[in-house]
Amino acid sequence: MTARVRQTVTHLADGRELIYFDDTEPFVSGAATRETHDGRDLPPVAASAEMRRDPLTGEWVVFAAHRMDRTFLPATVDCPLCPSRAGSCTEIPADDYDAVVFENRFPSLGALSGGEDLVDDDPLWPRRPASGRCEVVAFTPQHDARFADLPLSRARTVIDVLAARTDALSRRPDVHQVFCFENRGVEIGVTLQHPHGQIYAYPFVPPRSQALLDRGREHHRRTGRSLQRDILEAERRAGTRLVWSGDAWSAYVPAAARWPVEVHLVPHREVPDLAALDDGERDELAVAYRDLLGRVDRFFPGVERVPYIAAWHQAPVRAGRGEMRLFCQIFSLRRAPDKLKYLAGSESALGAWISDTTPERIAARLREVAT
């Protein structure tokens, strides 16, 4: 963690870890610390997640039935990510904060015990506890804020937070992949409106990461070069889908974009994850990331807040560590001001994507809405 951000570790009433990340005085210097007492009477978290391997695809599927009871679109006055106030305790005990990370109360991952066995005692269906960890990242105490509107210094702090948590979670022996992301909008499936992200630390390499590794390895076998570097250089050379470019980062709409709004933000230097970025790269990332999220919100006339997912693809912790590079994929399922892109038969059943636009049109619009 850089000197510009201070971490304070504490625990919530049920034992979950909470970490304040402060970038303002008197907290960043250590002259004062955030209020840490959680006065709620909470039962221990009972995570019962398990995962089973699908014999048809070889993929692990996680089952977390306890998440059926998670908080769903509470009123603003009951928001669990707002600071606590007199008579109302939230997930964040302090009456103010800069950025906060805490363990999810309804985690998809995090089973504490058990070994591998078989469903119905049949070797077709291996089953394991879904170990790992799920964290919530509150970007700001302002309930109605957007990431694109955060002060540049706070956007930079959030990047430091994601980098710090990537580094910490990567050191766990049960973690194989750390995934940082933001879901925004009820159309995406968001259950809390307060601006926040999440971090999943998986006990396996997810299918998309494995596909990226496999394609990268095949490209290197054939050419001796890095596939992701070749793509970045080709997109910068062509320029037709380039949206943003700086000293350390470039953003482009991929030539085979699937979503009606999609852009990839890629560092020029080959780094495996957010933790590997240097200070200069993080500074420019804060500028570029805010800019792109703002353009997404201006993409459709008359739509104030476009639903999106911002997904940080990072190298796995162990296998293929040096064979995959960091990039951010920002995309939306909105295809028109009043229409969504539904994943129907072809996409959902067979994974055969059919787009309603072209990458070149997406890029042209993202350039058009630059400020």
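Please refer to the structure placed before this passage.
Computed from a predicted structure; not experimentally measured.

Basis of the calculations
- Residues numbered from 1 in each chain as written.
- Predicted model: local features only at pLDDT ≥ 70, side-chain atom pairs only at ≥ 80, totals over all residues.
- Heavy atoms only, no water.
- Helix = DSSP H or I, 4+ residues; strand = E, 2+ residues; numbered from the N terminus.
- Buried < 20%, exposed > 50% of the residue type's maximum accessible area, 1.4 Å probe, protein only.
- Polar contact = N/O pair within 3.5 Å; in protein donor to acceptor, adjacent residues only side chain to side chain.
- Disulfide = S-S within 2.5 Å.
- Pairing = 2+ DSSP bridges.
- Salt bridge = Lys/Arg side-chain N within 4 Å of Asp/Glu carboxyl O.
- Core = buried A, V, L, I, M, F, W, Y, C linked by side-chain atoms within 4.5 Å.
- Contact = heavy atoms within 4.5 Å.
- Axes fitted to C-alpha atoms, helices over the stretch in contact; angles between N-to-C directions.

J.: Please explain the environment of Asp-273 as it appears in this structure.
T.: Tracing the chain through its elements places Asp-273 in the loop between strand 13 (261-267) and helix 4 (279-297). For Asp-273, a relative accessible area of 4% puts it in the buried group. Sequence separation between Asp-273 and Arg-133 is 140 residues, and the spatial gap between their C-alpha atoms is 18 Å. Of note is the side chain of Asp-273, whose polar atom sits 2.6 Å from the side chain of Arg-321.

J.: Would you mind showing me how to read the state of the cysteines here?
T.: Covalent bonding between the sulfur atoms of two cysteines defines a disulfide. Using the criterion set out here, one finds 0 disulfides in the structure. Looking at Cys-79, it has no disulfide partner, and the nearest cysteine sulfur is the one in Cys-82, 3.8 Å off. By relative accessible area, which is 3% here, Cys-79 ends up buried. Here Cys-328 stays unpaired: no disulfide links it, and the sulfur of Cys-180, its closest cysteine neighbor, is 9.9 Å away.

J.: Any chance you could explain the environment of Gly-246 here in plain terms?
T.: Position of Gly-246 relative to the elements: it lies in the loop between strand 11 (242-245) and strand 12 (249-252). Under the relative-accessibility criterion, Gly-246 is labelled partly exposed at 21%. Distance in space between the C-alpha atoms of Gly-246 and Arg-334 is 28 Å, their sequence separation being 88 residues.

J.: Looking at this model, I keep getting lost on the sheet that holds strand 4 (residues 60-63). Mind explaining?
T.: By way of backbone hydrogen bonds, the strands of a sheet pair with one another, either parallel or antiparallel. On the basis of which strands lie adjacent, the open sheet formed by 4 strands has the order 4-3-7-6 and antiparallel pairing. Two strands bound the open sheet, and with one partner strand each, they are strand 4 and strand 6 (117-118). Of the strand pairs in this sheet, strand 3 (residues 50-53) and strand 4 are connected by 4 bridges, and their pairing is antiparallel. In the strand pairing of strand 4, Arg-53 is matched with Trp-60.

J.: Would you explain the pattern of salt bridges in this entry?
T.: Oppositely charged side chains can pair when the atoms bearing their charge come close. One pass over the full model with this rule turns up 41 salt bridges. Here Glu-17 ties to Arg-133 by a salt bridge, and the two come within 2.7 Å at their closest N and O atoms. With Glu-17 in strand 2 (residues 17-22) and Arg-133 in strand 8 (residues 133-138), this residue pair connects regions lying 116 residues apart in the sequence. Given the relative accessible area of 11%, Arg-133 is considered buried. Across the pair Glu-235 and Arg-241 runs a salt bridge whose closest N-O atoms are separated by 3.1 Å. Comparing Glu-235 with Arg-241 shows no difference in burial state: the two are buried.

J.: When you look at unusual backbone geometry in this model, what are you seeing that I'm missing?
T.: Negative phi characterises most residues that are not glycine, and trans characterises most peptide bonds. For the bond running from Glu-25 to Pro-26, omega is 5 degrees, close enough to zero to count as cis. Structurally, the position occupied by Pro-26 is in the loop between strand 2 and strand 3. Positive phi values are uncommon outside glycine, yet Leu-73 reaches one of about 45 degrees. Structurally, the position occupied by Leu-73 is in the loop between strand 4 and strand 5 (99-103). According to the relative accessible area criterion, Leu-73 is partly exposed, its value standing at 34%. Look at Asp-121: it is not a glycine, yet its phi comes out positive at around 55 degrees. Mapped onto the secondary structure, Asp-121 falls in the loop between strand 6 and strand 7 (126-129).

J.: Just checking my understanding: could you explain the nonpolar core for this structure?
T.: If you look at the biggest cluster of nonpolar residues, it comprises 57 residues, and the most contacted ones within it are Tyr-289 and Trp-312. Excluding residues that lie within four positions of it along the chain, Tyr-289 makes contacts with Phe-147, Glu-182, Leu-265, Ala-310, Trp-312, Cys-328 and Ile-330. Listed in part, the 14 residues of the second largest apolar core include Leu-81, Cys-82, Val-100 and Phe-102.

J.: What am I meant to see in the sheet that holds strand 15 (residues 327-332) here?
T.: Here we have 11 strands laid out as an open sheet, ordered 1-2-5-8-10-9-14-15-13-12-11, and antiparallel in their pairing. Looking at the sheet topology across the chains shown, the edges are occupied by strand 1 (6-11) and strand 11. Pairs of neighbouring strands in the sheet enclose a mean axial angle of 20 degrees, with direction left out of account. Inspection of the sheet shows strand 13 paired to strand 15 by 5 bridges, in the antiparallel sense.

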